[in-house]
Amino acid sequence: MAQQPGQAAWSIIDAKALGRFMPPVFPGEKSDSIEGLAVQLGLDPEKLAATVRAFNAACRPGTFDHAVLDDCRTEGLTPQKSHWARPIVRAPFYAYPVRPGITFTYLGVRVSDRARILYQGKPSANLFAAGEVMAGNVLGKGYLAGIGMTIGTAFGRIAGTEAAHAALG
Ligand SMILES: Cc1cc2nc3c(=O)[nH]c(=O)nc-3n(C[C@H](O)[C@H](O)[C@H](O)COP(=O)(O)OP(=O)(O)OC[C@H]3O[C@@H](n4cnc5c(N)ncnc54)[C@H](O)[C@@H]3O)c2cc1C
């Protein structure tokens, strides 16, 4: 997806996939046909229909289970969809715009426990950091749900308090 023009893509599902994943924030586009969906998305209807046909033809029969890494996969597609691959055939069809994102870089500036930026190992008197730019101090790898907001909130409060103290002398 990151290699696509504008780093933009569409996630297309059919009626049987609804309710199988976390509800999207935005409603997306809906149509009774793939060609109709393409028109709504500003895509070439023939090309999109051919792409979906190729995907459907590549789906191997399996036992669908969205709660585990099931055996529903594609064969002959690059990249392969290794699980949860089911033909997109049941109307209505839905499309959601998607983009790649970096949840955490695990990098950033080093800070003290008072959110003071460490410069050459020493805590700065008047430079503070909170949130993603210093999340690497907390996260080495992986993460818990909500930890981005937690780091931002907890260290934002600490950094704000410390900055106010620094400003007041
Ligand atoms: C796809 C995705 C999903 C995520 N899901 C979750 C989740 O479910 N739960 C969770 O807790 N965390 C999640 N995170 C992580 C979380 O969103 C971030 O850790 C958090 O938003 C970081 O907040 P922040 O205020 O530090 O930085 P940001 O939210 O990145 O804010 C930085 C702001 O600074 C602005 N800015 C940059 N440069 C300048 C400049 N020179 N001048 C002025 N403004 C500037 C930017 O435009 C931006 O608005 C997710 C992240 C991504 C990308």
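Residues numbered from 1 in each chain as written. Predicted model: local features only at pLDDT ≥ 70, side-chain atom pairs only at ≥ 80, totals over all residues. Heavy atoms only, no water.

Draft legend 1. Structural context of the domain arrangement of the chain. Domain assignment breaks the chain into domain 1 (5-98) and domain 2 (116-168). For domain 1 and domain 2, the distance between their C-alpha centroids amounts to 41 Å. (Domains from an automatic or database assignment.)

Draft legend 2. Spatial organisation of unusual backbone geometry. At the junction of T78 and P79, the peptide bond is cis and its omega measures out at -5° in the coordinates. Relative to the elements of secondary structure, P79 occurs in the loop between α2 (45-58) and β3 (93-98). Geometrically, the link from A91 to P92 is a cis peptide bond, its omega value of 0° lying close to zero. Mapped onto the elements, P92 comes out in the loop between α2 and β3. The phi dihedral of Y106 falls on the positive side, at around 65°, and the residue is not glycine. With respect to the secondary-structure elements, Y106 resides in the loop between β3 and β4 (116-119). For Y106, a relative accessible area of 28% puts it in the partly exposed group. For A115, which is not a glycine, the phi torsion comes out positive at approximately 65°. (Helix = DSSP H or I, 4+ residues; strand = E, 2+ residues; numbered from the N terminus. Buried < 20%, exposed > 50% of the residue type's maximum accessible area, 1.4 Å probe, protein only.)

Draft legend 3. Layout of the sheet that holds β3. Strand order across the open sheet formed by 3 strands is β1-β3-β2, with antiparallel pairing between neighbours. Each having just a single partner strand, β1 (9-14) and β2 (29-31) make up the two edges of the open sheet. For this sheet, the mean angle separating the axes of adjacent strands, direction not counted, is 25°. Looking at chain direction, β2 and β3 are connected through 3 bridges and run antiparallel. For K30, the partnering residue across the bridge sits in β3 and is Y94. (Pairing = 2+ DSSP bridges. Axes fitted to C-alpha atoms, helices over the stretch in contact; angles between N-to-C directions.)

Draft legend 4. Region of the structure containing the site of the ligand. All residues adjacent to the ligand are I102, T103, F104, A130, G131, E132, G146, I147, G148 and M149. E132 is positioned such that a nitrogen or oxygen atom in its backbone is 2.7 Å from an oxygen atom of the ligand. Between the ligand and the protein, one listed contact pairs an oxygen atom with a backbone N or O atom of M149 at 2.8 Å. Burial of the ligand by the protein chains amounts to 31% of its free accessible area of 990 Å². Here the residues of the shell around the ligand are counted per class, giving 5 nonpolar, 4 polar and 1 charged. (Near = heavy atom within 4 Å. Polar contact = N/O pair within 3.5 Å; in protein donor to acceptor, adjacent residues only side chain to side chain. Areas by Shrake-Rupley, 256 points an atom, 1.4 Å probe, with all protein chains shown as cover. Nonpolar A, V, L, I, M, F, W, Y, C, P; charged D, E, K, R; others polar.)

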